[in-house]
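Spelled out, the chains give:
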Amino acid sequence: MTNDYFKLNAKDKENINKNMSNLVKKNISLKFDEIDSFKFPQDEPFGLQVNYNDTIYCLIVRFSSKNKNLICAGPGAHLRNKTLENGEPYNPPYFDRWSWYKYFDESYIAYADPMILYDDEIRVGWFVGTKNEWYLETLSLILQKLIKNQEIINENILFIGSSGGAHSSIVLATLIKHSKVLINHPQFFILNYYKAILNQLFKLLSHSFEGMAEQEIIQEIMPRLDVIELFKKENYVPFITYYLNIESEVDINNQALPFFNKIHKIKPFNGLNVVYYRQMKENPHYPLFTRRHIDIIYSYCANHLYNLNPEDTPMDYDKDLINKEKSIINLRHENDELTEKYQNILNSSSWKITSPIRKFKHFIKRMVR
């Protein structure tokens, strides 16, 4: 089969329109060259479909009229059997954190991976693209047009994401120089990911890379699969803030350690901020809890992006969130201290200390009866 496999028919496009409309009311379709002069809505979310060489790039956008910073969120893996609240199937395009625009004053873009549109099984495609087009490279061109349209400078752009979305964030920040990256559990090396999911990827790629063995495909597109090879090709390394759950052995062994061993050897490398944390979860690869993640992004924007107006104040949600989290943490500490003191008293051999407590406990038991 040829690249015609990667062309969408009228029914496919109708489904994309329907699925985008399930998420946002307003949807805009443009050709690539129409972005420059288009007058986009301000301060309200809208869907955007950009046609580039017959590939449809889907984004959910909210441009701010007051704040010239920009947050861009990338997608990770998605289950293919999810449903919407109304019971309808949740079909692609898939976005992660698309509704988070409501928590920030910054402009906000969530983007979807076109790879998912061409296969019913593949859960993550890392925007690898076809033999003739790397979808992440094209997405970077689309984003640069949107950025120019809104008069946003690269230094005021933050790419965020977890897992596969973290991979696309690193790549986009490498292609859009001087932008910033805040990621959680990335695939620095796609080939180190789960074999079953990689098999789905290469099965899809075989429709474009006709007659080529898997190793031949890998050699041809290595910078798309390995960020170290991309850094070498671009002679550029973005500054990365990397949140790593120390409970996730698979991320530490397959991604973090190989990355640490290689990154310092690259000449343009000038720093990496690794934030270790412990998050107990059945699957430790699971991203940062939502409220904590939002708080981290908010703090990062306030401290590292430059176009916040002095009169701008944090949104009430963020104020309440920070205060509530601080209160919960303080209560936990107080509870731990009180529990420890209480246990020490009960373990005490002093009759004067323990006798009143035991009498009180017996009194409570009688009242309960």
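Provided above is the structure to which this section pertains.
Every value quoted in this text rests on a predicted model; they were computed, and no experiment measured them. (Residues numbered from 1 in each chain as written. Predicted model: local features only at pLDDT ≥ 70, side-chain atom pairs only at ≥ 80, totals over all residues. Heavy atoms only, no water.)

A. Molecular detail of the overall build of the chain. Secondary structure assignment for the chain yields 11 helices and 9 strands. Scored against the burial criterion, the 369 residues of the chain give a buried share of 47%. Across the chain, every contact between residues at least 6 apart in sequence was considered, and the portion connecting residues at least 24 apart equals 66%. Of the roughly 19200 Å² of accessible surface on the chain, 50% is carried by carbon and sulfur atoms. (Helix = DSSP H or I, 4+ residues; strand = E, 2+ residues; numbered from the N terminus. Buried < 20%, exposed > 50% of the residue type's maximum accessible area, 1.4 Å probe, protein only. Contact = heavy atoms within 4.5 Å. Areas by Shrake-Rupley, 256 points an atom, 1.4 Å probe, with all protein chains shown as cover.)

B. Expanded view of the packing of helix 2 (residues 135-149) against helix 3 (residues 164-175). Their axes nearest at 10 Å, the elements helix 2 and helix 3 cross at an angle of 60 degrees. Put simply, helix 2 runs oblique to helix 3. Relative to helix 3, the crossing made by helix 2 is right-handed. Along the contact surface, helix 2 presents Leu136, Glu137, Leu139, Ser140 and Leu143, while helix 3 presents His167, Ser168, Val171, Leu172 and Leu175. (Axes fitted to C-alpha atoms, helices over the stretch in contact; angles between N-to-C directions. Parallel < 35°, antiparallel > 145°, perpendicular 65-115°, else oblique. Left-handed = near helix turned anticlockwise from the far one by under 90°.)

C. View of the sheet that holds strand 8 (residues 240-245). Ordered in space as 1-2-3-5-4-6-7-8-9, the 9 strands form an open sheet in which the pairing is mixed. Only two strands of the sheet have a single neighbouring strand rather than two, namely strand 1 (27-31) and strand 9 (272-277). Ignoring strand direction, the axes of neighbouring strands in this sheet form an average angle of 20 degrees. Pairing analysis gives 4 bridges linking strand 7 (residues 180-184) to strand 8, with the strands arranged parallel. Along strand 8, the bridge assignment pairs Leu182 with Thr241. Running over the sheet, helix 1 (residues 10-21) touches strand 1, strand 2 (46-52) and strand 3 (55-62) and is turned about 155 degrees from strand 2. With respect to the sheet, helix 3 is in contact with strand 5 (107-111), strand 6 (157-162), strand 7 and strand 8, its orientation differing from that of strand 6 by roughly 155 degrees. (Pairing = 2+ DSSP bridges.)

D. How the structure looks around helix 4 (residues 195-205). Among the residues of helix 4, those classed as buried are Ile197, Leu198, Leu201, Phe202, Leu204 and Leu205. Along helix 4, the residues classed as buried sweep out an arc of 155 degrees about the axis, all on the same side. Exposed side chains of helix 4 directed beyond 90 degrees from the buried face belong to Lys195, Ala196 and Lys203. Check the buried side of helix 4 and you find it contacts helix 5 (214-220). (Arc of directions from axis to C-beta.)

E. Main features of empty space enclosed by the protein. Applying the stated criterion across every chain, the model contains 2 cavities of 30 Å³ or more. Its boundaries defined by the atoms lining it, the largest cavity holds a volume of some 80 Å³. Considering the residues around the largest cavity, the lining is formed by 13 residues, among which Pro75, Gly76, Asp113, Ile116 and Gly125 are closest to the centre. For the lining of the largest cavity, the per-class residue count stands at 7 nonpolar, 4 polar and 2 charged. Here the second largest cavity defines a volume of roughly 40 Å³. If you go around the second largest cavity, the residues you meet are Asn19, Asn22, Leu23, Leu84, Pro89, Tyr90, Asn91 and Pro93. (1 Å grid on protein atoms, 1.4 Å probe; cavity = no way out; pocket = protein on both sides within 12 Å on 5 of 7 lines; lining within 4 Å. Points joined across faces, edges and corners; volume = space filled by probe spheres on them. Nonpolar A, V, L, I, M, F, W, Y, C, P; charged D, E, K, R; others polar.)

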